[in-house]
Amino acid sequence: DKGITRPRGHKVSFHYNSQIEDMHFGKTHPMKPWRLTLTKHLVLGYGLQFAMDTYQAVAAGKDQVRAFHDPDYVDFLSEVAPETFEGLSRMPRFAKHTPAKHEYDSVDLGPFNLSTSPGADCPVFDGMSTYLFLYTGATLAATHQLTTQNSDIAINWSGGLHHAHKSEASGFCYINDIVLSILDMLRVYARVLYIDIDVHHGDGVEEAFQRQPRVMTLSYHRYGPYDDTGHKFFPGTGDLGDIGLRGSVGEHFALNVPIPSGIDDRQYKYLFENITQRAIDAFKPSAIVLQCGADSLGGDRLGQFNLNVKAHGECVAFVKRARLPLLILGGGGYTARNVARAWCYETAIASDNGATLPAALPMHLLPRPAAFTKRGHGNGTLFPTFARSHPNDCRDADNEYMVKVL
Ligand code: V1S
Ligand code: CA
Ligand code: ZN
């Protein structure tokens, strides 16, 4: 695209592997890796690849993943598949990691909170190992670009899986690529600030660094009392009073911003800019990791916030203005067309092209006339540029529609 230019004064790298798109967590599971296909098509459609260095990600090594995770867990993740799950689960070194079954567990859980039951948060699916080590490899390659000063901003939309624990998967997250990245960064940078705008609390990252004064974690998330079904919004942590491990040198280096449902652009921007600026001023980070979970957008299938793409993107623009080495990661995001809009727009912001993206879709992404398609689904205009903040704007049927078009 003629309007797309390389950013002056800073280099941006984009890390990705299309193999990730083909993964399926299961029919009813909200995490849809093909949201990355939509994102890629928009990014390429607008020509943003000409504004960045693009890298094909390779799988992380087991030794790299062991920098944070339990060696047994890493072995299990690298060997497991739906066919091998039961056999592996019975092996004593893995079986000892199986949680005791509670009567309120709706699915059967195996070791490390993994399961082959339909409806599980962390299912074992075909190609899972490949998927996990690839998204992690992309984050570590992006991190390397920053720590070697080859890039000023590095992007991996397939990463940002903030709930994974040392020896347990949680909330669709298996390997905590964010923790691994920050551990790498600490070899080079004195202090790393982690900012998390996913609608969920970044509990795995916070927990990993709760004793660590060189990492400040700052999560903005939905948090509140029990809902009508007697459940707390996942994962149920991240109260204002959680400030890092009390009595340790990490005390005061975790910040949590619990937010009720329905927060709008203006309110979120007010909180985000004031709190983030004060955190930057006080902590004086040498680098920043920004988890951009898109489930904080209005109309998300799981989220309960009411942000438009523009406001979500303004968080990225704001953090970019700190002019520090910046790692931009994905995370949640369950209404795929809005995820693609947000992450494409944020790719443009990172590469200084945010203002030049036309509101209309690139020509070749427009639906073809019905006569040229097997099913006539072209309806003229394909989705407005910005997310509609509408609670019903989140049906799967709509997402499938966009896949067919592409
Ligand atoms: N909210 C929510 C939600 N929905 C599901 C789910 C629905 C259908 C399935 F087939 C499988 C799972 N799980 C949850 C949440 C987890 C949300 C994770 C968000 C991840 C992130 O965006 O922050 C980062 C990528 N899990 C729960 O609410 C836990 C349960 C309490 C209910 C669901 N069952 C399966 C486990 C226990
Ligand atoms: Ca968050
Ligand atoms: Zn989330």
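Just so we're clear, the structure is a prediction, and the values are computed from it rather than from any experiment. (Residues numbered from 1 in each chain as written. Chains lettered and ligands numbered in written order. Predicted model: local features only at pLDDT ≥ 70, side-chain atom pairs only at ≥ 80, totals over all residues. Heavy atoms only, no water.)

Caption draft 1: Highlighting the nonpolar core. With 114 residues, the main nonpolar core has L114, Y174, I182 and Y268 as its most contacted residues. Tallying contributions element by element places helix 11 (residues 336-350) first for this core, with 10 residues. Residues within four places of I182 in sequence aside, it is in contact with V192, Y194, V205, F209, V215 and V289. (Core = buried A, V, L, I, M, F, W, Y, C linked by side-chain atoms within 4.5 Å. Buried < 20%, exposed > 50% of the residue type's maximum accessible area, 1.4 Å probe, protein only. Helix = DSSP H or I, 4+ residues; strand = E, 2+ residues; numbered from the N terminus. Contact = heavy atoms within 4.5 Å.)

Caption draft 2: Structural detail: the coordination of the calcium ion (ligand 2). Taken together, the protein donors to the calcium ion (ligand 2) comprise D196 (O), D196 (OD), D198 (O), H200 (O), S219 (OG) and Y220 (O), at separations of 2.4 to 3.0 Å. Coordination geometry of the calcium ion (ligand 2): the 6 donor atoms subtend angles of 70 to 166° at the metal centre, consistent with an arrangement described as irregular. Counting gaps between the donor residues of the calcium ion (ligand 2) yields the pattern D-x1-D-x1-H-x18-S-Y. Like D196, the residue D198 is buried in the burial classification. (Donors = N, O, S within 2.8 Å, 3.2 Å for Na, K, Ca; no water. Tetrahedral: all angles 85-135°; square planar, octahedral: opposite > 155°, others 65-115°.)

Caption draft 3: A look at the coordination of the zinc ion (ligand 3). Coordination of the zinc ion (ligand 3) by the protein is provided by D198 (OD), H200 (ND1) and D295 (OD), with metal-donor distances spanning 1.9 to 2.0 Å. Positions of the donor residues of the zinc ion (ligand 3), expressed as sequence spacing, correspond to D-x1-H-x94-D. With a gap of 95 residues between them, H200 in the loop between strand 4 (192-196) and helix 8 (203-208) and D295 in the loop between strand 7 (287-291) and helix 10 (309-320) connect regions that are remote in the sequence. Grouping residues by exposure puts H200 and D295 together as buried.

Caption draft 4: Region of interest: the packing of aromatic side chains. With the rule as written, the count across this model stands at 19 aromatic pairs. The rings of F25, F125, Y131, Y135 and Y174 are connected pair by pair, giving a single aromatic cluster. Directly above the aromatic system of F233 lies the positively charged group of R222, at a separation of 5.8 Å from the ring centroid. (Phe/Tyr/Trp six-rings, centres within 6.5 Å; stacked < 30°, edge-to-face > 60°. Lys NZ or Arg CZ within 6 Å of the ring centre and 35° of its normal.)

Caption draft 5: Looking closely at the packing of helix 10 against helix 11. Contact geometry for helix 10 and helix 11: axes closest at 9 Å, N-to-C directions at 30°. Taken together, the axis directions place helix 10 and helix 11 in an arrangement best described as roughly parallel. Once helix 10 is placed against helix 11, the crossing between them reads as right-handed. Residues V309, K310, H312, G313, V316, A317 and K320 of helix 10 lie in contact with helix 11, whose contacting residues are N338, R341, A342, Y345, E346, I349 and A350. Its residues placed into classes, the contact of helix 10 with helix 11 shows 7 nonpolar, 3 polar and 4 charged. (Axes fitted to C-alpha atoms, helices over the stretch in contact; angles between N-to-C directions. Parallel < 35°, antiparallel > 145°, perpendicular 65-115°, else oblique. Left-handed = near helix turned anticlockwise from the far one by under 90°. Nonpolar A, V, L, I, M, F, W, Y, C, P; charged D, E, K, R; others polar.)

Caption draft 6: A look at helix 10. Given a rise of 1.5 Å per residue, 12 residues ought to cover 16 Å, and the 17 Å separating the end C-alpha atoms of helix 10 matches this to within 8%. Among the 12 residues of helix 10, 10 are classified as buried, and the element is accordingly described as predominantly covered. For helix 10, the complete set of buried residues consists of V309, A311, H312, G313, C315, V316, A317, F318, V319 and K320. Looking at the buried side of helix 10, the elements it contacts are strand 3 (153-156), strand 4, helix 9 (265-283), strand 7, strand 8 (326-329) and helix 11. (Expected span 1.5 Å × (residues − 1).)

Caption draft 7: Expanded view of helix 9. If you check helix 9, its first and last C-alpha atoms are 26 Å apart, about what 19 residues at 1.5 Å a residue would give, namely 27 Å. Buried residues of helix 9: Y268, F272, E273, T276, A279, I280 and F283, and no others. Looking down the long axis of helix 9, one finds its buried residues gathered within 145° of arc, a one-sided arrangement. In helix 9, the exposed positions angled more than 90 degrees off the buried face are occupied by R266, Y270, R278 and A282. Looking at the buried residues of helix 9, the elements they touch are strand 4, strand 5 (215-222), strand 6 (254-259), strand 7 and helix 10. The N-cap of helix 9, judged by a side-chain oxygen 3.3 Å from the amide nitrogen of R266 a few residues on, is D264. (Arc of directions from axis to C-beta. Polar contact = N/O pair within 3.5 Å; in protein donor to acceptor, adjacent residues only side chain to side chain.)

Caption draft 8: Fine view of the packing of helix 1 (residues 35-45) against helix 11. The geometry of helix 1 relative to helix 11 is characterised by a closest axis approach of 8 Å and an angle of 40° between their N-to-C directions. Compared by their axis directions, helix 1 and helix 11 come out oblique. Read as a crossing pair, helix 1 and helix 11 show a hand that is right-handed. Packed against helix 1, whose contacting residues are R35, L36, L38, T39, L42 and V43, the element helix 11 presents A336, R337, V339, A340, R341, W343, C344 and T347 at the interface. Of the residues in the contact of helix 1 with helix 11, the class split is 9 nonpolar, 2 polar and 3 charged.

Caption draft 9: Structural detail: the site of ligand 1. Among the 20 residues in the neighbourhood of ligand 1, the closest are listed as G119, D121, H162, H163 and Y334. Taking D198, its side chain carries an N or O atom lying 3.3 Å from an oxygen atom of ligand 1. Y334 is positioned with one of its side-chain polar atoms (N or O) 2.5 Å from an oxygen atom of ligand 1. Contact with the protein chains covers 74% of the free accessible surface of ligand 1, which is 770 Å². Residue composition of the shell around ligand 1, by class: 8 nonpolar, 9 polar and 3 charged. (Near = heavy atom within 4 Å. Areas by Shrake-Rupley, 256 points an atom, 1.4 Å probe, with all protein chains shown as cover.)

Caption draft 10: Region of the structure containing the sheet that holds strand 6. The strand order across the open sheet built from 8 strands is 2-1-3-8-7-4-5-6, with neighbouring strands paired in parallel fashion. Each having just a single partner strand, strand 2 (53-56) and strand 6 make up the two edges of the open sheet. Each neighbouring strand pair of the sheet contributes to a mean axis angle of 15°, computed without reference to strand direction. When strand 4 meets strand 5, the two strands line up parallel, connected through 5 bridges. Paired with D196 across the two strands is S219, which belongs to strand 5. Each of strand 1 (12-16), strand 3 and strand 8 touches helix 11; the most contacted strand, strand 3, lies at about 165° to it. (Pairing = 2+ DSSP bridges.)

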